[in-house]
Amino acid sequence: MLATDGSEHSARSAKYAIELAEKFDGKIEIVYAVDGQTSKSDVLHHANKFEVEKKRKEKIKAVKNLLEVSGVDFETNILHGEAGPTIVEHANENKFDCVVIGSRGLNNLQTLILGSVSHKVAKRADCPVLIVK
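Within every chain, residues take consecutive numbers counted from 1 along the sequence as written. Per-residue local features are limited, in this predicted model, to residues with pLDDT of at least 70; the limit for side-chain atom pairs, both in listing and counting, is 80 or more; totals at the level of whole chains, interfaces and linings are taken over all residues. For side-chain calculations, the full set of non-hydrogen atoms in the structure is used, while hydrogens and water are omitted.

(A) Molecular detail of the overall build of the protein chain. Helix numbers and strand numbers start at the N terminus; a helix is a DSSP run of H or I with at least 4 residues, a strand a run of E with at least 2. Looking only at helices and strands, one finds 7 helices and 5 strands in the protein chain. Beginning at the N terminus, the succession of helices and strands in the protein chain can be written as β-α-β-α-α-α-β-α-β-α-α-β. Across the 133 residues of the protein chain, 34% fall into the buried class. Contacts between residues were defined by any pair of non-hydrogen atoms, one from each residue, lying within 4.5 Å. Put simply, of all contacts in the protein chain between residues at least 6 apart along the chain, 76% involve residues at least 24 apart. The Shrake-Rupley method, run with a 1.4 Å probe sphere, supplies the accessible areas, and residue values consider only the shown protein chains as cover. Just so you have it, the protein chain exposes about 8400 Å², and 51% of that area is on carbon and sulfur atoms. Here's how the labels work: a residue is buried when its accessible area is under 20% of the maximum for its type, exposed when over 50%, partly exposed in between, all with a 1.4 Å probe on protein chains only.

Laid out in structure tokens, this is it:
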């Protein structure tokens, strides 16, 4: 499973996920978690459901493009809920071999106060988690 948020860190983590999938003849599921605040903002700023869906697909477009070029089998899944717990729940329910996730690059104070999604996933997922800096 490749957790993505459309950031540069996600694109780097996608490259590692592709390497793993190629090495072990695997398949990748791209997961993008949309939290409640993002959902509210999307609805307020877009006229219809089609535009909201289009915006979400744009977020993961760079990662999808990397996977399409690589030739690795993949699928995408947009989840709803707070990123950390939602990714962990999905990973544990679907028994993935590995979760690949980028680090957001928070400084030490931000990490202490906010925590990071990658740290939450690493602590709670039942499978190995590869955090890509």
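Further notes follow.
(B) Main features of the environment of Cys98. Here Cys98 shows up in the loop between helix H5 (83-94) and strand E4 (99-102). Counting along the chain gives 27 residues from Cys98 to Ala125, while the straight-line C-alpha distance between them is 9.3 Å.

(C) Focus on the packing of H5 against helix H7 (residues 117-124). Axis lines are fitted to C-alpha atoms, over the contacting stretch for helices. Their N-to-C directions set the angle, which ranges from 0 to 180 degrees. Where H5 contacts H7, the two axes come as close as 8 Å, and the packing angle between them is 35°. Taken as a pair, H5 and H7 cross one another with a handedness that is right-handed. Two secondary-structure elements touch here, H5 through Ala83, Gly84, Ile87, Val88 and Asn92 and H7 through Val117, Lys120, Val121 and Arg124. Classification convention: Asp, Glu, Lys, Arg as charged; Ala, Val, Leu, Ile, Met, Phe, Trp, Tyr, Cys, Pro as nonpolar; all other residues, Gly among them, as polar. Here the residues of the contact of H5 with H7 are counted per class, giving 5 nonpolar, 2 polar and 2 charged. In this scheme, a crossing is called left-handed if the near helix is turned counterclockwise away from the far one by less than a right angle; it is called right-handed if the turn is clockwise.

Any functional reading would require information that these geometric values do not contain.
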